[in-house]
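Each chain, written out:
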Amino acid sequence: PTTAKSGVRPYVRSKMPRLRWTHDLHHCFITAVERLGGEDRATPKMVLEMMNVKGLSITHVKSHLQMYRSMKHEQLLHESVAGKNKKVEGTTTQLSNDSRISSGSSSNHHYYSGSGLLGQPPMW
């Protein structure tokens, strides 16, 4: 539904509690994704079942898997460009994990808070 004057859909807050993806929770996610054959083969439902974390919903996993896939594809793009630069220039500095992760705006990262699941801030 849109508002009559502006034509803009009103913001509706989700009923799903927010979740902070801690280092340990993300590691559990990565382990599940890898066991399922990688980010392109894993489905949110299979990841959720394999993680077996109380309070984690399919919505949480869908969002995180989508973000993880986009970051992996961006990483491959950077590596492809770096490889081409290496061929052209002769030498190219390998991107560090931090620069791969921090590329793009931080507003694109889906960090969650609250919900009682877990302690440390995300480490990836």
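Residues numbered from 1 in each chain as written. Predicted model: local features only at pLDDT ≥ 70, side-chain atom pairs only at ≥ 80, totals over all residues. Heavy atoms only, no water.

- An unreviewed UniProt entry lists the protein under the name HTH myb-type domain-containing protein, with Erythranthe guttata given as the organism.
- Under Subcellular location (unreviewed entry), UniProt gives the following word-for-word description of the protein: "Nucleus". (UniProt positions renumbered as here; feature names shortened; annotations may be inferred.)

1. A short note on the overall build of the protein
Here comes step 1: In terms of regular secondary structure, the protein is built from 4 helices and 0 strands.
Here comes step 2: N-terminal to C-terminal, the α/β element order of the protein is α-α-α-α.
Here comes step 3: Out of the 124 residues belonging to the protein, those deemed buried represent 27%.
Here comes step 4: Surface accessibility of the protein: about 8900 Å² in total, with carbon and sulfur atoms responsible for 54%. (Helix = DSSP H or I, 4+ residues; strand = E, 2+ residues; numbered from the N terminus. Buried < 20%, exposed > 50% of the residue type's maximum accessible area, 1.4 Å probe, protein only. Areas by Shrake-Rupley, 256 points an atom, 1.4 Å probe, with all protein chains shown as cover.)

2. A closer look at the packing of helix H1 (residues 23–35) against helix H2 (residues 44–51)
Here comes step 1: It is at 9 Å that the axes of H1 and H2 come closest, and there the two elements cross at 120°. The angle between H1 and H2 falls in the class oblique. Note on packing geometry: the crossing formed by H1 with H2 is right-handed. Across from Leu25, Cys28, Phe29, Ala32, Val33 and Arg35 in H1, the residues of H2 making contact are Val47, Met50 and Met51.
Here comes step 2: Taken together, the residues that form the contact of H1 with H2 break down as 8 nonpolar, no polar and 1 charged. (Axes fitted to C-alpha atoms, helices over the stretch in contact; angles between N-to-C directions. Parallel < 35°, antiparallel > 145°, perpendicular 65-115°, else oblique. Left-handed = near helix turned anticlockwise from the far one by under 90°. Contact = heavy atoms within 4.5 Å. Nonpolar A, V, L, I, M, F, W, Y, C, P; charged D, E, K, R; others polar.)

3. Some thoughts on H2
Here comes step 1: Buried within H2 are the following residues: Pro44, Val47 and Met51. One face of H2 carries all of its buried residues, which in axial projection span an arc of 65°. In H2, the exposed positions angled more than 90 degrees off the buried face are occupied by Lys45 and Glu49.
Here comes step 2: The first or second residue beyond H2 is Asn52, which carries a positive phi of 50°. (Arc of directions from axis to C-beta.)

4. Some details on the packing of aromatic side chains
Here comes step 1: Under the counting rule described, the total for this entry stands at 2 aromatic pairs.
Here comes step 2: Seen from their ring centres, Trp21 and Phe29 are 5.7 Å apart, and the 75° between their planes marks the pair as edge-to-face.
Here comes step 3: Looking at Trp21, the relative accessible area reads 0%, which means it is buried.
Here comes step 4: Each ring, one from Phe29 and one from Tyr68, has its centre 5.5 Å from the other, and the planes form 85°; the classification is edge-to-face. With a gap of 39 residues between them, Phe29 in helix H1 and Tyr68 in helix H3 (residues 58–89) connect regions that are remote in the sequence.
Here comes step 5: Taken together, the aromatic side chains of Trp21, Phe29 and Tyr68 make up a single cluster linked through ring pairs. (Phe/Tyr/Trp six-rings, centres within 6.5 Å; stacked < 30°, edge-to-face > 60°.)

5. Describing the side chain of His26
Here comes step 1: Positionally, His26 belongs in helix H1.
Here comes step 2: Overall, His26 belongs to the buried group, its relative accessible area being 9%.
Here comes step 3: Within polar-contact distance, the side chain of His26 engages the side chain of His64 at 2.9 Å. (Polar contact = N/O pair within 3.5 Å; in protein donor to acceptor, adjacent residues only side chain to side chain.)

6. Brief notes about the environment of Phe29
Here comes step 1: By relative accessible area, which is 0% here, Phe29 ends up buried.
Here comes step 2: Along the primary structure Phe29 and Val61 are separated by 32 residues, whereas in three dimensions their C-alpha atoms are 8.4 Å apart.
Here comes step 3: Setting aside its immediate chain neighbours within four residues, Phe29 contacts Trp21, Val47, Met51, Val61, His64, Leu65 and Tyr68.

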